[in-house]
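Descriptive analysis of the structure
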There are 2 protein chains.
Amino acid sequence: MTRVRIDLFSSLDGCTSAGGGAENPMGEDWGPLTAAYVATRTMRERVFGDTSGAGTTGIDDAYAAAFFDGVGAEIMGAAMFGLHSHPDDPEWKGWWGDEPPFGCPVYVLTGTAPRPDIEMRGGTTFRFRNAPVEDVLAEATAAAAGLDVRVGGGIGTARAFVRAGLVDDLHVAIAPVVLDRGHRVWEDLRGLEQTHRMTTQVAESGTIHVTFTR
Amino acid sequence: MTRVRIDLFSSLDGCTSAGGGAENPMGEDWGPLTAAYVATRTMRERVFGDTSGAGTTGIDDAYAAAFFDGVGAEIMGAAMFGLHSHPDDPEWKGWWGDEPPFGCPVYVLTGTAPRPDIEMRGGTTFRFRNAPVEDVLAEATAAAAGLDVRVGGGIGTARAFVRAGLVDDLHVAIAPVVLDRGHRVWEDLRGLEQTHRMTTQVAESGTIHVTFTR
């Protein structure tokens with residue numbers, strides 16, 4: 001049974017990094033927010049190709065492994081794909097190189113005329129859709145063939161899916177830092193604890209893993 | 001050695017209840033923020049006079065007991081005492097009845113002409129001061145005679161003390177609710193993790209106890 005999942009990063013004060021444009025797409029606060037994740041053995045291997053076995057193997061690593069497990073299709077906003085940063089480049093293929101780490105169909109939401117599909121190495125296909133989120137989710141769910149659908153981001157896209165009541169599992173990795181700037185992760189999500197059950201686990205790194213499940 | 005302590009309540013999204021005026025001074029979101037605390041055996045006994053032994057005895061109760069332990073003087077803002085809600089009542093003695101739960105000198109910061117001291121039952125004396133926070137803290141520290149000084153609130157007063165570098169221990173009980181409104185607990189506190197060490201403990205209630213210590 002397909003579940004719709006989201007994984008987000010937040011500071012203790014509920015902020016996530018605002019992008020810094022094409023030169024620094026994730027913004028300067030992204031590093032502190034994701035430091036504990038980047039340090040895990042799973043992320044080092046899966047994202048950075050480090051097969052030496054280096055990296056942490058505790059609670060953060062368990063969440064990192066779960067992040068990659070069982071996702072059959074991904075949905076992301078136009079900004080996360082980079083369409084806003086590269087509006088005039090019809091050849092733009094995202095930030096992730098020739099072999100993106102998704103390994104599945106990736107549906108890119110766009111408010112403009114959709115581009116043709118882009119087939120990448122490693123099983124990733126970017127598909128551009130200008131359609132209601134419910135319709136794109138239905139298509140992604142069919143493509144996932146029983147595996148899960150992840151809404152990858154950015155934060156506005158993620159919140160839109162949560163607000164629409166489409167998300168089964170929302171995991172937020174809260175880094176032990178106070179940012180006091182950036183986008184607000186929880187904006188417009190008042191009462192989420194009434195539709196989802198919240199569980200919390202604290203990692204060795206100090207990261208607070210909060211999961212809302214229904 | 002006196003330490004300067006603060007205990008605050010926050011939602012998961014870093015909000016605390018905005019006051020609702022004289023009729024509902026803590027505001028309507030105060031209940032969900034403090035529900036787990038109110039349920040503890042310590043709070044039931046110390047604040048509500050329930051000596052039946054009822055109430056929770058887990059991690060929340062340990063923090064509730066620590067809340068009362070070793071405080072020799074308290075500092076609070078004028079709004080928390082109720083001066084803003086009752087500006088025309090020279091007989092106003094706070095919200096806590098004839099025997100407030102402080103049991104020590106309580107310094108009330110006021111931007112107006114100080115009122116005379118008010119002696120209450122049970123060892124509480126309200127002392128009104130129109131002076132820089134450093135000066136009031138020095139006086140409170142002397143009065144505490146080796147015990148701790150708590151900055152009781154409200155949130156603006158608490159943040160002013162933290163920003164001024166005057167706070168040794170900041171404990172925030174984060175309730176498992178998303179409020180998306182109210183005062184922002186962490187506003188202007190960017191980088192607090194660089195001056196204080198953060199530790200985290202999750203209670204049975206789902207409350208996340210975060211403590212910044214230096």
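Here goes a summary of the coordinates provided. (Residues numbered from 1 in each chain as written. Chains lettered and ligands numbered in written order. Predicted model: local features only at pLDDT ≥ 70, side-chain atom pairs only at ≥ 80, totals over all residues. Heavy atoms only, no water.)

Quick word on the overall build of chain A
- When helices and strands are counted, chain A shows seven helices and 11 strands.
- Here the C-alpha radius of gyration of chain A, 17 Å, is about what a compact globule of 214 residues would show, namely 17 Å.
- Seen through its principal axes, chain A has C-alpha atoms that stretch 45 × 45 × 35 Å.
- Counting every position in chain A, which comprises 214 residues, the buried fraction comes to 48%. (Helix = DSSP H or I, 4+ residues; strand = E, 2+ residues; numbered from the N terminus. Rg over C-alpha atoms; globule rule 2.2 N^0.38 Å. Buried < 20%, exposed > 50% of the residue type's maximum accessible area, 1.4 Å probe, protein only.)

Side note on the nonpolar core
- In this structure, Leu12(A), Leu170(A), Trp186(A), Leu12(B), Leu170(B) and Trp186(B) are the most contacted members of the largest nonpolar core, which totals 64 residues.
- Not counting residues up to four positions away in its chain, the partners in contact with Leu12(A) are Ile174(A), Ala175(A), Val177(A), Val178(A), Ile208(A), Leu12(B), Ile174(B), Trp186(B), Met198(B), Val210(B) and Phe212(B). (Core = buried A, V, L, I, M, F, W, Y, C linked by side-chain atoms within 4.5 Å. Contact = heavy atoms within 4.5 Å.)

Some details on a nonpolar patch on the surface
- Residues Val38(A), Val47(A) and Phe48(A) make up a contiguous nonpolar surface patch of roughly 260 Å² in combined accessible area.
- Along the chain, Val47(A) turns up in the loop between helix H2 (41-46) and helix H3 (59-68). (Patch = residues over 30% accessible without salt bridge, like charges linked within 9 Å, V, L, I, M, F, W, Y side chains within 5 Å. Areas by Shrake-Rupley, 256 points an atom, 1.4 Å probe, with all protein chains shown as cover. Salt bridge = Lys/Arg side-chain N within 4 Å of Asp/Glu carboxyl O.)

Describing the relation of the copies chain A and chain B
- Laying chain A over chain B is done by rotating through 180° and shifting 0.0 Å along the axis; what remains is an RMSD of 0.0 Å. Taken together, the rotation and translation describe the operation of a two-fold axis. (Least-squares fit on C-alpha atoms with pLDDT ≥ 70 in both.)

Points about unusual backbone geometry
- With an omega dihedral of 0°, the bond running from Gly153(A) to Gly154(A) counts as a cis peptide bond.
- Here Ala145(B), not a glycine, exhibits a phi torsion of approximately 50°, which is positive.
- Residue placement: Ala145(B) occurs in the loop between helix H5 (133-144) and strand E7 (148-153).

Details of the pattern of salt bridges
- Tallying each qualifying case throughout the model produces 26 salt bridges over all chains.
- For Asp148(B), the salt bridge identified is with Arg5(B), shortest N-O distance 3.0 Å. In this pair, Asp148(B) sits in strand E7 while Arg5(B) sits in strand E1 (residues 4-11), placing the two residues 143 residues apart along the sequence.
- The exposure class assigned to Asp148(B) is buried, which follows from its relative accessible area of 14%.
- Its salt-bridge partner being Glu187(B), residue Arg159(B) comes within 3.9 Å of it at the nearest N-O pair. A residue pair is termed long-range when its members are at least 10 positions apart, and Arg159(B) in helix H6 (residues 155-163) and Glu187(B) in the loop between strand E9 (183-184) and helix H7 (192-195) qualify at 28 residues.
- On the accessibility criterion, Arg159(B) (12% relative accessible area) is buried.
- Residues participating in the shared-partner salt-bridge network are Glu28(A), Asp29(A), Arg181(A) and Arg190(B).

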